[in-house]
Amino acid sequence: MKNPIGIFDSGIGGLTVTRQVINLLPSESLVYFGDTARVPYGTKSDRIVREFAWEDSLFLLRQSVKMIVVACNTASAVALDELNRYLKIPVIGVIKPGAKAAVKNTKSGRIGVIGTQATIDSGAYPTEIRKLNQDCTIFSRACPLFVPLAEEGWVTGDVPESAARRYLEPLLAENIDTLILGCTHYPLLKPLLKIIVGDSITLVDSADETALEVKAVLESIGQENSSKQGEYEFYVSDLPRRFEELGIRFLGRAITTVKLAEPWKATSATNFSVVE
Ligand code: DGL
């Protein structure tokens, strides 16, 4: 089926997930929406994040997407169940795939999770991990400074290193063998985090596993597209030029045309499909 896959995030970070979807499914077309006007989501209440997630999803539905990937950990943590309950197309998030990858990897069952304050407060990762393996012990920590550091491009050097040591020390003291990078921005800090955690701890990010889940879901509903190279459209709610400039670091390739969209201004008279 030629319709694109819709992907949304609070801003630019979801491009790390998009990158893996493009690598795995080069024939699929994508529409990406980054809510750059309202980022960050990770410091906001569940109520507000849910409202934003709805507006973002309805915008993507208006672009005739065949499925939605909630690439934002925060939005996945608080809004995914609700979106799935009401939308007719498949909606997948990044929490379950991340939990699955961590459970697959751990030997000791001691798993660390880092993410935004909202993601950690939601308890979404521990819930998903325990659904897969009740015997795991999970240690969580919010690392709010990592998002601005990654956006700023400060992913190595003294400043991110001392922040990372401070955030990670309590988790390292718990003898974890797996650490979930539960936020779209954290893969950019991977080389630094790897130095800090050492070889005995595996860093898991959801991007690879999410791309595999996208593929599995499309196959299960018979809607994969394999005939030609996919086309990509990028929308943001503010500062499209900045997104073009920064995007290459997150996506691993240049982004040429980024368009402006303000989903909250849309009228309610749209043809979005919801389960009655
Ligand atoms: N995209 C968010 C996440 O993965 C990080 C940035 C934000 O706080 O909005 O949780």
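The structure we're discussing is the one just above.
Let me begin by describing the structure that accompanies this report. On a predicted model such as this, the values are computed, not experimentally measured, just so you know.

A word on the packing of helix α8 (residues 158–172) against helix α9 (residues 190–197). Between α8 and α9, the shortest axis-to-axis distance is 10 Å and the interhelical angle comes to 50 degrees. By the angle between their axes, α8 is oblique relative to α9. When the axes of α8 and α9 are compared, the crossing they make is right-handed. On α9, the residues that touch P160, E161, A164, R165, L168 and L172 of α8 are L192, L193, I196 and V197. When grouped by side-chain class, the residues that make up the contact of α8 with α9 number eight nonpolar, no polar and two charged.

On to the site of the ligand. With respect to spatial proximity, 14 residues lie near the ligand, and among them D9, S10, Y41, G42 and T74 are the closest. Here a nitrogen atom of the ligand and a side-chain polar atom of D9 are 2.8 Å apart. One of the side-chain N or O atoms of T74 is found 2.6 Å from an oxygen atom in the ligand. Starting from 300 Å² of accessible surface for the ligand in isolation, the protein chains cover 99%. Cavity membership is defined here by more than half of the atoms lying within 2 Å of grid points; on that basis the ligand lies in the second largest pocket. Counted by class, the shell around the ligand contains six nonpolar, seven polar and one charged residues.

A separate point is the packing of helix α2 (residues 46–62) against helix α3 (residues 73–86). The geometry of α2 relative to α3 is characterised by a closest axis approach of 9 Å and an angle of 55 degrees between their N-to-C directions. If you check the angle between α2 and α3, you find them oblique. Considering only the axes of α2 and α3, their crossing is right-handed. Across the interface between the two elements, D46, V49, R50, A53, W54 and S57 from α2 touch T74, A75, V78, A79, E82, L83 and Y86 from α3.

Okay, the nonpolar core next. Counting residues in each nonpolar core, the largest one holds 41 residues, and the members touching the most others are F8, L60, I68, V70, A75, L83 and I129. Contributing elements (two or more residues each) for this core: β2 (30–34), α2, β3 (67–70), α3, α4 (95–105), β5 (110–115), α6 (124–132) and β6 (137–142). Looking at this core element by element, the count peaks at eight residues for α2. When sequence neighbours within four positions are dropped, the list of residues in contact with L60 reads G6, I7, F8, V31, F33, V65 and I68. With 30 residues, the next largest nonpolar core counts I5, I22, L25 and F250 among its residues.

So, about the environment of Q134. Note on placement: Q134 falls in the loop between α6 and β6. For Q134, a relative accessible area of 70% gives the class exposed. Sequence separation between Q134 and G109 is 25 residues; the distance between their C-alpha atoms is 9.5 Å.

Evaluation of the coordinates by the stated rule reveals nine aromatic pairs. With a centroid separation of 5.1 Å and 90 degrees between ring planes, the pair formed by F146 and Y167 is classed as edge-to-face. Of the two residues, F146 sits in helix α7 (residues 146–152) while Y167 sits in helix α8, which places them 21 residues apart along the sequence. Here F146 matches Y167 in class, with each residue buried. Here the aromatic rings of F234 and F243 are separated by 6.4 Å at their centres, their planes lie at 45 degrees, and the arrangement is tilted. Of the residues examined, F234 reaches a relative accessible area of 8% and is grouped as buried.

This brings us to the layout of surface pockets. In this structure, the largest pocket spans a volume of roughly 240 Å³. As for the largest pocket, its lining consists of 17 residues, of which S76, A77, L80, D81 and A124 are closest to the centre. Of all elements in the fold, only α2, α3, α4 and α6 reach the threshold of two or more residues within the lining of the largest pocket. The element contributing the most residues to the lining of the largest pocket is α3, with eight residues. Its volume calculated, the second largest pocket comes out at about 180 Å³. Lining the second largest pocket are 18 residues, and of these P40, Y41, G42, T116 and V147 sit closest to its centre. Mapped onto the lining of the second largest pocket, the elements with two or more residues apiece are α3 and α7.

On to the sheet that holds β2. Sheet architecture is open: six strands sit in the order β4-β3-β1-β2-β9-β10, paired in parallel fashion. Two strands close off the open sheet at either side, each with one partner strand: β4 (91–92) and β10 (258–260). The sheet contact formed by β3 and β4 spans two bridges and is parallel. Bridge pairing in β4 places V69 opposite I92. Running at roughly 140 degrees to β10, helix α11 (residues 240–251) makes contact with β2, β9 (232–236) and β10 of the sheet.

The rules we used
Residues numbered from 1 in each chain as written. Predicted model: local features only at pLDDT ≥ 70, side-chain atom pairs only at ≥ 80, totals over all residues. Heavy atoms only, no water. Axes fitted to C-alpha atoms, helices over the stretch in contact; angles between N-to-C directions. Helix = DSSP H or I, 4+ residues; strand = E, 2+ residues; numbered from the N terminus. Parallel < 35°, antiparallel > 145°, perpendicular 65-115°, else oblique. Left-handed = near helix turned anticlockwise from the far one by under 90°. Contact = heavy atoms within 4.5 Å. Nonpolar A, V, L, I, M, F, W, Y, C, P; charged D, E, K, R; others polar. Near = heavy atom within 4 Å. Polar contact = N/O pair within 3.5 Å; in protein donor to acceptor, adjacent residues only side chain to side chain. Areas by Shrake-Rupley, 256 points an atom, 1.4 Å probe, with all protein chains shown as cover. 1 Å grid on protein atoms, 1.4 Å probe; cavity = no way out; pocket = protein on both sides within 12 Å on 5 of 7 lines; lining within 4 Å. Sits in = over half its atoms within 2 Å of the grid points. Core = buried A, V, L, I, M, F, W, Y, C linked by side-chain atoms within 4.5 Å. Buried < 20%, exposed > 50% of the residue type's maximum accessible area, 1.4 Å probe, protein only. Phe/Tyr/Trp six-rings, centres within 6.5 Å; stacked < 30°, edge-to-face > 60°. Points joined across faces, edges and corners; volume = space filled by probe spheres on them. Pairing = 2+ DSSP bridges.

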